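Commentary on secondary and tertiary structure
The lines below spell out each chain.
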Amino acid sequence: MKFIKENLAVGFMLFALFLGAGNIIFPPELGQNAGTEFLPSIIGFLITGVGLPLIGIIAVAKNGGDLQVVANRIHPMFSAIFTAVIYLSIGPLFAIPRTGAVTYEIGIAPFLSEATKTSGVPLLITTLVFFAVVLYLSLNPTKLVDRIGKILTPALLIVIALLAIKSFITPMGSFGEAQGVYVTKAFSESFVQGYLTMDVLASLVFGIVIVQSLQAKGIMERSKQVTITIFSGIVAALGLAFVYISLEYIGATSTEKIGYLGDGASIIAESARVLFGSAGNIILSLVIVLACITTAVGLVSANATYFHKLFPSLSYKTLAVIFTLFSLVISNFGLSKLISITLPVLMFIYPIAIVLMFLVLFDQLFDRRPIVYSLSLIATALVSLYDGFKAAGIEVSWYENILSALPLYDQSIGWLIPAIVGLAIGWIIHLMTKNTYSARQ
């Protein structure tokens, strides 16, 4: 009991790090598409949205928490590129612009007329104001953001809980019919849609945050750090699972009242209006907007800090301005366009991140040999790179014919078997050359 009381705060901190406002928009859309296939859909989504991020946190924390150091075991060049790609993905390329787009879709758009929404001006004005606030807070370190964050996370949970409870007590309707690929592939499609949360990528970065937090408390023993991290990860995972299940259920039962809408932001906004009237819209909008601001500030700060360390000639302030302005431009593509741009990139890098995460977790079994890492990751990339091209609408028939023979390829998890084969070959090479390699060390 004492252990739980002492470390619960770390678990809540980790949960708050994961729970960006963008995570709120995907489960409702998934729910509408899955409908009666709710159960296989939510299981697939929870694996990539909750289970794998938990493993990622544990894997990186077990190895000191620094992704760049871990990735350096493969090759310094891979480490530099892969770590930079992870930061940019959860930063100015996708996650930061998404906060601006979500702010507009949930915080502003529900209160505008249909005619006004067709113009790009409201989105531009919203994002200009939003990113001006984000830049100011990023350039002026203050405890205000931390304090707001500590209030907002419980507030956001309460709002979601109220929506979920109300939707259970007075449901908007029964489960809708499954749509499109969800009729036959609800599990695999939801597994892939879980990539959009970017939680696995974030978990590889958040590990260092937890380790540094524990070190600041005087906890320096690695085994104790790992134990607390596992506990914290479980707390965060339970919180995320509650949020995702609740929001997907709301989406799955909403179609009778609000119809099939194009994106999760519109679904959750309309559901709040149906369940609690205009007051529901206002409360949800305020909480989401403030949550988006704190998320964006944290991501701008993290990226500016990392790239300043990488390129000392560029100041933190300069990088913060660059990342904020870039995010402002990207966010004006709109939420739907932004998600369609994000998916091809995530289809490529997500499997690589997943395989790397598992290799890191068990790399003591093969003495952290680069050959094992390299063969498994190269085999993964040969499939996931094409998955990315295919998601972008680029197809190569002869390569498609080869990959289509792979098990699970139709479920968009064709990279799994090649990753295992690459691992097996690398492991065999490791065993055959183990004595020679050890003698050279």
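Residues numbered from 1 in each chain as written. Predicted model: local features only at pLDDT ≥ 70, side-chain atom pairs only at ≥ 80, totals over all residues. Heavy atoms only, no water.

1. Focus on the overall build of the protein
Applied cut-off: Each helix is a run of DSSP H or I of at least 4 residues and each strand a run of E of at least 2, with the numbering of both proceeding from the N terminus. Here the radius of gyration uses the C-alpha set of atoms, whereas the globule reference equals 2.2 Å times the residue count to the power 0.38. Accessible area is worked out with a 1.4 Å probe on protein chains only. A residue is then buried under 20% of its type maximum, exposed over 50%, and partly exposed in between.
Along the protein, the regular secondary structure elements total 19 helices and zero strands. Here the protein has a C-alpha radius of gyration of 22 Å; the compact-globule value for 441 residues is 22 Å, and the two agree. Referenced to the eigenvectors of the C-alpha coordinate spread, the extents of the protein come out at roughly 70 × 50 × 50 Å. For the protein, with 441 residues in total, the buried portion stands at 52%.

2. Observations concerning the nonpolar core
Going by this rule: Put simply, buried Ala, Val, Leu, Ile, Met, Phe, Trp, Tyr and Cys residues joined by side-chain atoms within 4.5 Å make one nonpolar core. Residue contacts follow a heavy-atom distance rule, with two residues in contact if any of their heavy atoms lie within 4.5 Å.
In this structure, Tyr195 and Leu201 are the most contacted members of the largest nonpolar core, which totals 115 residues. Those residues within four positions of Tyr195 in sequence are excluded, and the remaining contacts are Thr48, Leu346, Met347, Tyr350, Pro351, Ile354, Ser412 and Trp415.

3. Structural notes on the packing of aromatic side chains
Condition: Pairing of aromatic rings covers Phe, Tyr and Trp, the last through its six-membered ring, and needs centres within 6.5 Å; plane angles under 30 degrees mean stacked, over 60 mean edge-to-face, and all others mean tilted.
Tallying each qualifying case throughout the model produces 17 aromatic pairs. A centroid spacing of 4.2 Å and a plane angle of 5° characterise the contact between Tyr87 and Tyr306, whose relative ring orientation is stacked. Here the residue Tyr87 occupies a position in helix H5 (residues 76–93), and Tyr306 occupies one in helix H14 (residues 264–310), the gap between them amounting to 219 residues. Tyr306 carries the same exposure label as Tyr87, and that label is buried. Their ring planes at 80° and their centres at 5.5 Å tell us that Phe366 and Tyr373 sit as a pair that is edge-to-face. Residue Tyr373 is classed as buried on the basis of its relative accessible area, which comes to 0%. Chaining the aromatic ring pairs together yields one cluster made of Phe38, Phe168, Phe175 and Tyr249.

4. Looking at the pattern of salt bridges
Put simply, the rule is: By salt bridge we mean one thing: a side-chain nitrogen of Lys or Arg within 4 Å of a carboxyl oxygen of Asp or Glu.
On inspection of all chains with the given rule, the structure shows four salt bridges. A salt bridge links Asp363 to Arg73; its shortest N-O distance comes to 2.5 Å. With a gap of 290 residues between them, Asp363 in the loop between helix H16 (335–362) and helix H17 (370–391) and Arg73 in the loop between helix H4 (67–71) and H5 connect regions that are remote in the sequence. Summarising the burial analysis for this pair, Asp363 and Arg73 share the class buried. As a salt-bridge pair, Glu270 and Arg273 come within 2.7 Å of each other at their nearest N and O atoms. Here the residue Glu270 and the residue Arg273 both occupy positions in helix H14, the gap between them amounting to three residues, near one helical turn.

5. Digging into the packing of helix H3 (residues 38–62) against helix H11 (residues 199–216)
In a pair of packed helices, the angle between the axes and the distance between the axes together describe the arrangement. Definition in use: Lines are fitted to the C-alpha atoms to define the axes, a helix being fitted only along its stretch in contact, and any angle between axes, read from their N-to-C directions, falls within 0 to 180 degrees. Roughly parallel means an angle under 35 degrees; roughly antiparallel means over 145; roughly perpendicular covers 65 to 115; every other angle is labelled oblique. The sense of a crossing depends on the near helix, which, turned anticlockwise from the far helix by less than a right angle, makes the crossing left-handed and, turned clockwise, makes it right-handed. Only Asp, Glu, Lys and Arg are considered charged in this grouping, and only Ala, Val, Leu, Ile, Met, Phe, Trp, Tyr, Cys and Pro are considered nonpolar; every other residue, Gly among them, is considered polar.
In contact at an axis separation of 8 Å, H3 and H11 are set at 40° when each is read in the N-to-C sense. Our classification of the angle between H3 and H11 gives oblique. When the axes of H3 and H11 are compared, the crossing they make is right-handed. Along the contact surface, H3 presents Thr48, Gly49, Leu52, Pro53, Gly56, Ile57, Val60 and Ala61, while H11 presents Asp199, Val200, Ser203, Leu204, Phe206, Gly207 and Val211. Across the contact of H3 with H11, the residue classes break down as nine nonpolar, five polar and one charged.

6. Details of the side chain of Arg98
Here is the rule: This count recognises Lys and Arg as positive and Asp and Glu as negative, with His and chain-terminal groups excluded. The definition of a polar contact used here is a pair of N or O atoms within 3.5 Å, where within protein one atom must be able to donate a hydrogen and the other to accept one, and adjacent residues in sequence count solely through side-chain atom pairs.
Positionally, Arg98 belongs in helix H6 (residues 95–108). Although Arg98 is buried, it forms no salt bridge, and the closest oppositely charged side chain is Asp199 at an N-O distance of 6.6 Å. In terms of polar contacts, Arg98 uses its side chain to reach the backbone carbonyl oxygen of Leu196, at 2.7 Å. Excluding anything up to four places from it in sequence, Arg98 contacts Gly22, Asn23, Ile25, Phe26, Leu196, Thr197, Met198, Leu335 and Leu338.

7. So, helix H12 (residues 222–252)
Rule in force here: Expected helix span is given by 1.5 Å per residue-to-residue step, counting one fewer step than there are residues.
A rise of 1.5 Å per residue sets the reference length of H12, with its 31 residues, at 45 Å; its end C-alpha atoms lie 44 Å apart and thus fit the reference within 8%. Within H12, 22 of the 31 residues are buried, which leaves it mostly tucked inside the rest of the structure.

8. What to know about unusual backbone geometry
Notably, Asp367 is not glycine yet its phi reads approximately 55°, a positive angle. Locating Asp367 in the fold gives a position in the loop between H16 and H17. Exposure remark for Asp367: the relative accessible area of 37% places this residue in the partly exposed category.

9. Some points on H5
The test is simple: A residue's bend is the angle separating two fitted axes: one through the seven residues that end there, the other through the seven that start there.
The largest bend along H5 reaches roughly 30° and is located at Tyr87. Among the residues making up H5, those that are buried are Ser79, Phe82, Thr83, Ala84, Ile86, Tyr87, Ser89, Ile90, Gly91 and Pro92. Against the buried residues of H5 lie H4, H6, H11, H14, helix H15 (316–331) and H16.

10. Some thoughts on the confidence of the model for the protein
Defined as follows: For every residue, the pLDDT score states the predictor's confidence, bounded by 0 at the bottom and 100 at the top.
For the protein, mean pLDDT is 87; residues scoring 70 or higher make up 95% of the total. Mean pLDDT across the elements of the protein ranges from a minimum in helix H9 (residues 143–169), with 76, to a maximum in H15, with 95.

11. As for the packing of helix H8 (residues 121–139) against H15
Taken N-terminus to C-terminus, the directions of H8 and H15 make an angle of 165°; their axes are 10 Å apart at the nearest point. Considering the angle they form, H8 stands roughly antiparallel to H15. The element H8 and its partner H15 pack so that their crossing is right-handed. Facing H8, whose interface residues are Leu123, Thr127, Leu128, Phe131, Leu135, Ser138 and Leu139, H15 presents Tyr316, Lys317, Ala320, Val321, Thr324, Ser327, Leu328 and Ser331. Taken together, the residues that form the contact of H8 with H15 break down as nine nonpolar, five polar and one charged.

12. Comments concerning a nonpolar patch on the surface
Keep this limit in mind: Here, patches come from residues exposed beyond 30% relative accessible area and free of salt bridges, joined within 9 Å for like charges and within 5 Å for nonpolar side chains (Val, Leu, Ile, Met, Phe, Trp, Tyr). Surface accessibility follows the Shrake-Rupley procedure with a 1.4 Å probe radius. Residue values consider only the protein chains on display as shielding.
Among the surface-exposed residues, Phe3, Ile4, Leu8 and Phe12 lie close enough to one another that they form a single nonpolar patch of about 330 Å² accessible area. Checked against the element boundaries, Leu8 lands in helix H1 (residues 2–18). Among the residues examined, Leu8 registers a relative accessible area of 32% and is labelled partly exposed.

13. Some details on the environment of Arg98
The exposure class of Arg98 is buried, given its relative accessible area of 8%. Separated by 241 residues in sequence, Arg98 and Ile339 have C-alpha atoms that sit 8.3 Å apart.

14. Topic: the environment of Glu395
You can see Glu395 is positioned in the loop between H17 and helix H18 (397–403). A relative accessible area of 54% places Glu395 in the exposed class. Ignoring sequence-local partners within four residues, the contact set of Glu395 consists of Tyr386 and Lys390.

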